[in-house]
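Okay, here's what each chain looks like letter by letter:
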Amino acid sequence: MNWSVYIVAVLLASALDAGLGGLFQIGSVRAEILPSVIVFMALAAPKKLVLRAALFAGLVADLFAPVILADGTPLVVPGPRVLAFALGATAVIPLRGLLYRQNPLSNSAAVTIFSAFAALAWIVVSILRSVVTGGSVPWWPATGTSEVVIQFLGALGDGVLALPVFWVLTRTKPIWGFATKTRLTPGVAREGL
Amino acid sequence: MILSRMPQFLSGKRLDWGLVSLAFVVSLAPSNLLRPWTNDVARLVLIPLVPVTHLGSVLRDRIRPSLDSFDPSRTGADATEVLALNDEIDRLRTLYESSRLDSARLEESLASIRATSTRAGKGALIDVAATTGSVVANSNGEIDGIVRINAGTRHGVVPGSAVFVRGDVFAGLTSDDIGAFISTVTPSTRLPSIGCRIVPASGSDPAQSILSAPGAVLKPTGRGTWTADVASAGELTVGMIARVADDRMPRSALGARVGRVIAIAPIEQVPLARRIEVEPIAEAREATSAVVVLEAGAVPGDASAITGAPGGRR
């Protein structure tokens, strides 16, 4: 995998997510581009690199999303999304052999699964942080249940947004430098050649 | 010897687990350990990407403008002129309410000064200037997270400055995370509380004291709105406007519109009080630009202006 292309793609996706803001928002639910970029990488890059690449994307996402403390001051906490994206990527890796990647809906499903697992991890880490540091959770004063619902609806939104994003990313595939291996399995058909 | 073996030791799964463990530790680190460096690092990463985020903001505004752009009050007159006049009326109304609230505050302050006579000779005239910044980025992840504008210390922005959108709508305060060319705004819906007076949309009654208008302390609900308990027999109707009347806020925010009452419900335990829900009139994340009002502070030596702005920023 070409790391420089991946880093640029992650930074661009994060910047566009920050700039486009409410464009992909319905009510309290907002879809983002970054999960599609990570899943695109996770489905094609060597397995040993997927986790590290997801960790990097999580770090960038954390830098772009400071939490607002109870006194109204913002604070960048590098970590919650790093762990969230790591879990999301770990959930996507087993899907590599199951998905028919030419079907756009399968990519969309993979993004939804990634985002759902990432949301779950982010909520757990945020609760742990509030317990350890004695602060409030980022979604305060809303309830945890409402946040879970919002995050999971957001995961569905990410899946829908993945359709056009994957269309664009697929056209840039040659520059990503993904190694493609074709495994030849001996069989009756080959023996006849 | 040990150092030379480190790259081999830290590779493969060990490296992955090491990075995950590091992320876990940093996630749970106390805020006072993170505050000195994480905001600065985030700003360093963001600044080169501001052209991209700004492009995104412009695209968003072109593709999905805020609903106020489609004002139904279009008549036979030029729509642009009608909107401009509406904005002008709102601004003048805010100035009027601001001066009334200020006058009431001055009267209280005068009484206090006469009683104590301790502050004589110290001026408190507030010197006000303003700078306009474009909204260049929103927080990823949270809907009503922080907003970044391209005005910073080079433009005179200081922490705690009032930020306005659409002329006179109080949209939040600048936080202490301010760079040379970029600053972070904590939206009004995420401030711990805002003291307000609830006045009719058409303006307060000049015949009555502004202090008779119901007061409320808006608390965020987490859904992008506020709730407040109003212990006043004054008239309360849906559509009334909440205007800032809070000594903790900058002087320039006094009287500014902040929200609109969208629901009123009785409180069973307190029959004389009512609970209201207030929605923001406009939010910084939906705006393309915002005005930051810079208050230079007290100008000493003006004895005549001793009571000029008792509610000025501390």
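These numbers come from a predicted model, not from an experiment.

Caption draft 1: Broad picture of the side chain of B:Ser175. Mapped onto the elements, B:Ser175 comes out in strand 4 (residues 169-178). Here B:Asp177 takes part through its backbone nitrogen, which lies 3.2 Å from a polar atom of the side chain of B:Ser175. When residues no more than four places from it in sequence are discounted, the contact partners of B:Ser175 are A:Pro74, B:Pro159, B:Thr184 and B:Thr186.

Caption draft 2: Seen up close, the interface of chain A and chain B. If you look at the interface, chain A gives 52 residues, while chain B gives 55 residues. Counting the surface lost from both chain A and chain B, the interface buries some 4400 Å², and carbon and sulfur atoms represent 63% of this. Inspection of the chain A/chain B interface yields one salt bridge. At the boundary of chain A with chain B, the tally comes to twelve residue pairs in polar contact (both at pLDDT 80 or more). Secondary structure elements with two or more residues in the side of chain A that touches chain B: helix 1 (3-20), strand 2 (29-30), helix 3 (47-64), strand 3 (67-68), strand 4 (74-75), helix 4 (80-92) and helix 5 (104-133) of chain A. In terms of residue count, helix 1 of chain A provides more of the side of chain A that touches chain B than any other element does, nine residues in total. When the residues that make up the side of chain A that touches chain B are grouped by side-chain class, the tally is 34 nonpolar, ten polar and eight charged.

Caption draft 3: Structural detail: the domain arrangement of chain B. Residue and element names in this part refer to chain B. Under the domain assignment, chain B is made up of domain 1 (2-60) and domain 2 (99-307). Each partner contributes to the interface: domain 1 provides ten residues, whereas domain 2 provides 16 residues. Regarding the contact of domain 1 and domain 2, the summed buried area is about 950 Å², with carbon and sulfur atoms giving 51% of it. Summed over the three residues of domain 1 that lose the most area to domain 2, namely Arg43, Leu46 and Arg60, the buried surface amounts to 48% of that side. Summed over the shared surface of domain 1 and domain 2, the result is one salt bridge. Here Arg43 and Asp177 are joined by a salt bridge, their closest N and O atoms 2.5 Å apart. Summed over the shared surface of domain 1 and domain 2, the number is five residue pairs in polar contact (both at pLDDT 80 or more). Those elements that provide at least two residues to the side of domain 1 that touches domain 2 are helix 4 (38-46) and helix 5 (50-63). No other element matches helix 5, which puts five residues into the side of domain 1 that touches domain 2. A class-by-class count of the residues in the side of domain 1 that touches domain 2 yields three nonpolar, four polar and three charged.

Caption draft 4: Molecular detail of the nonpolar core. Counting residues in hydrophobic clusters, the biggest one holds 60 residues, and the most contacted among them are A:Tyr6, A:Ile38, A:Met41, A:Phe85 and A:Trp176. Listed by contribution, the elements that provide at least two residues to this core are helix 1, helix 2 (34-42), helix 3, helix 4, helix 5 and helix 6 (144-171) of chain A together with helix 5 and strand 1 (125-138) of chain B. Three or more residues apiece are contributed to this core by two domains, here domain 1 (2-60) and domain 2 (99-307) of chain B. When residues no more than four places from it in sequence are discounted, the contact partners of A:Tyr6 are A:Met1, A:Ile38, A:Met41, A:Ala53, A:Ala54, A:Phe56, A:Ala57 and A:Trp176.

Caption draft 5: Here's a closer look at the packing of helix 4 of chain A against helix 5 of chain A. All names here are of chain A. One way to put it is that helix 4 packs onto helix 5 with a least axis distance of 7 Å and a crossing angle of 140°. Regarding helix 4 and helix 5, the two cross each other, and that crossing is right-handed. Residue-level inspection shows Pro80, Arg81, Leu83, Ala84, Phe85, Leu87, Gly88, Ala89, Ala91 and Val92 of helix 4 in contact with helix 5, the latter providing Ala110, Ile113, Phe114, Phe117, Ala118, Ala121, Trp122 and Val125. Along the lines of polarity and charge, the residues of the contact of helix 4 with helix 5 split into 16 nonpolar, one polar and one charged.

Conventions used here
Residues numbered from 1 in each chain as written. Chains lettered and ligands numbered in written order. Predicted model: local features only at pLDDT ≥ 70, side-chain atom pairs only at ≥ 80, totals over all residues. Heavy atoms only, no water. Helix = DSSP H or I, 4+ residues; strand = E, 2+ residues; numbered from the N terminus. Polar contact = N/O pair within 3.5 Å; in protein donor to acceptor, adjacent residues only side chain to side chain. Contact = heavy atoms within 4.5 Å. Buried area = accessible area lost by both parts, 1.4 Å probe. Salt bridge = Lys/Arg side-chain N within 4 Å of Asp/Glu carboxyl O. Nonpolar A, V, L, I, M, F, W, Y, C, P; charged D, E, K, R; others polar. Domains from an automatic or database assignment. Core = buried A, V, L, I, M, F, W, Y, C linked by side-chain atoms within 4.5 Å. Buried < 20%, exposed > 50% of the residue type's maximum accessible area, 1.4 Å probe, protein only. Axes fitted to C-alpha atoms, helices over the stretch in contact; angles between N-to-C directions. Left-handed = near helix turned anticlockwise from the far one by under 90°.

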